[in-house]
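# Structural overview
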Amino acid sequence: MANEQSSNRTQMFQPELITFGETMALMMPANSKGIEYSSQFQSLFGGAESNVAIGVARLGHRAGWFSRLGKDPFGQVILKKLRGEGVDVSQVELTTEAPTGLMLREVVSGKTSVYYYRKGSAASTLKPEHLNEEYIKQAKFLHVTGITPALSASCREAAIEAMRIARKHGVKVCFDPNLRLKLWALDEAREVLLEMAKEADYFLPGLDELKLLYQTDSFEEIVAKLRELNAVSIVKGGDDETYVVEKDSVQSVPYFKVEQVVDTIGAGDGFCAGFIVGLLKESSHVEAVRLGNLIGSMVVQMEGDWEGIPTWEQVEAVLNNVKHVER
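Numbers given for residues are sequential positions, taken from 1 along each chain in its written order. Per-residue local features of the predicted model are confined to residues with pLDDT of at least 70, and side-chain atom pairs are confined, for both listing and counting, to 80 or more; whole-chain, interface and lining totals are unaffected and use all residues. Calculated side-chain values reflect all of the structure's heavy atoms, with hydrogen atoms and water omitted.

Now for the overall build of the protein. Comment: elements are numbered from the N terminus, with helices defined as DSSP H or I runs of at least four residues and strands as E runs of at least two. Of the regular secondary structure elements, the protein holds twelve helices and 14 strands. What the globule rule says is 2.2 Å times the number of residues to the power 0.38, and the radius of gyration is computed from C-alpha atoms. A globule of 327 residues ought to have a C-alpha radius of gyration of about 20 Å, and the protein, at 19 Å, matches this closely. Dimensions of the protein along its principal axes, counting C-alpha atoms only, are 55 × 50 × 40 Å. Burial status across the protein gives 55% buried among its 327 residues. Accessible area for the protein stands at about 15400 Å²; split by element, carbon and sulfur atoms hold 48% of it. When charges are counted, Lys and Arg are positive and Asp and Glu negative, with His and the chain ends excluded. Think of each charge as sitting on NZ of Lys, CZ of Arg, CG of Asp or CD of Glu. Within the protein, one finds 35 positive and 45 negative side-chain charges whose respective centroids are separated by 3 Å. We call a residue buried when its accessible area falls under 20% of the maximum for its residue type, exposed when it is over 50%, and partly exposed in between, using a 1.4 Å probe and counting protein chains only. Note on areas: these come from Shrake-Rupley sampling with a 1.4 Å probe, and a residue is covered only by the protein chains present in the view.

Written out as structure tokens, the structure reads:
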């Protein structure tokens, strides 16, 4: 009966974008104190993939996220808040086998430090058998990051299998390598991430990540490597622009200017959400990147992993103002 209800829920909602991975509880000292000297903490949460799902939902499209969370207060809060943001969490499993991951973050003298407590977390126990092929195949896009395969061998297998399922059913795959050297060695990451990039329809790396993955600082050499992929590559992190690299062209899309940067964490996820929404709206690659750039610029003006992601109404207000200024 429970499986039948879950199936009916999936059919009714039918997310356009599906993503999965680890979302952790986040504790931050109040009043910008260091962790060592703070007795009061804010209780938040964050995860690259769930940030993207929230972004897509806030921008007016259907998004689903799944993972394994501990059946503990942190897991319950994450589940409720994601559901409250309009993200489909029908495929999330709460388990007593392992706890929800935790991270602590402090900003002292402008420097951000993050401390992870995620080894043996519920999300790290994700396996291919936890994937629901019926759920994945009805989406338009599957968003995968390189964080998930870094968590454990079974997570790596699950990430690769999810991409295989998506490609089997014609679901477009967006892959953000999200290189995290705190999770694995560069040589191991390079081998896995570059293989996964070959299976993507859209590859969304940062320029600094590509320099490490391709072992070169030459932009021309990087572009040549990207053109060997089947994917359209969206390269974030240029000096003043994002690059769209296709087989026969390289186009640059300028950033939106920001008067004050408050917090850069989550900007890349906001960009991915905006880019995917642009694709869902059947915009050109350049226009989808422009939307991603705009969302990223709005996210950095507010503190938090996902709290600064705007609604579509807020985006339209900014775009209308930009058009007015341009006239």
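Picking up after the structure, the text goes on.
Turning next to the environment of Glu220. Following the sequence through the fold, Glu220 ends up in helix H9 (residues 219–226). With 49 residues separating them in the primary sequence, Glu220 and Asp269 have C-alpha atoms 26 Å apart.

At least two DSSP bridges between two strands are needed for those strands to be called paired. Read across the open sheet, the four strands follow the order S3-S2-S7-S8; overall the sheet is mixed. Of all the strands in the sheet, just strand S3 (41–46) and strand S8 (111–117) have a single pairing partner and so form its edges. Between one strand and the next, the sheet's axes are offset by a mean angle of 25°, whatever the strand orientation. Both strand S2 (residues 24–29) and S3 contribute to a ladder of six bridges, which runs antiparallel. The residue of S3 that forms the bridge with Pro29 is Phe41. We call two residues in contact when some of their heavy atoms are within 4.5 Å. Here, axes are lines fitted to C-alpha atoms. For helices the fit covers the stretch in contact, and angles between N-to-C directions go from 0 to 180 degrees. Along the sheet face, helix H3 (residues 73–84) touches S2, S3 and strand S7 (102–108) and points at about 65° away from the line of S3.

The subject of this paragraph is the sheet that holds strand S4 (residues 63–66). Strand order in the open sheet formed by eight strands is S4-S1-S9-S10-S11-S12-S13-S14, with mixed pairing between adjacent strands. One side of each edge strand has no neighbouring strand; the edge strands of this open sheet are S4 and strand S14 (249–254). Sheet topology note: the strand S9 (residues 141–145)/strand S10 (residues 172–176) ladder contains five bridges and is parallel. Pairing of Leu142 across the sheet is with Val173, part of S10. Sheet strands in contact with helix H2 (residues 48–58) are strand S1 (17–20), S4 and S9, and its direction is about 160° off that of S4.

Because each turn of an α-helix spans 3.6 residues, side chains separated by three or four positions end up pointing in the same direction. Given a rise of 1.5 Å per residue, 16 residues ought to cover 22 Å, and the 23 Å separating the end C-alpha atoms of helix H6 (residues 153–168) matches this to within 8%. Restricting attention to buried positions, one finds in H6 the residues Ser154, Cys155, Ala158, Ala159, Ala162, Met163, Ile165 and Ala166. Residues of H6 that are buried make contact with S1, helix H4 (133–137), S9, helix H5 (148–151), S10 and helix H7 (186–197). A positive backbone phi angle near 75° is found at Gly170, which sits one or two residues after H6. To estimate how far a helix should extend, the number of its residues minus one is multiplied by 1.5 Å.

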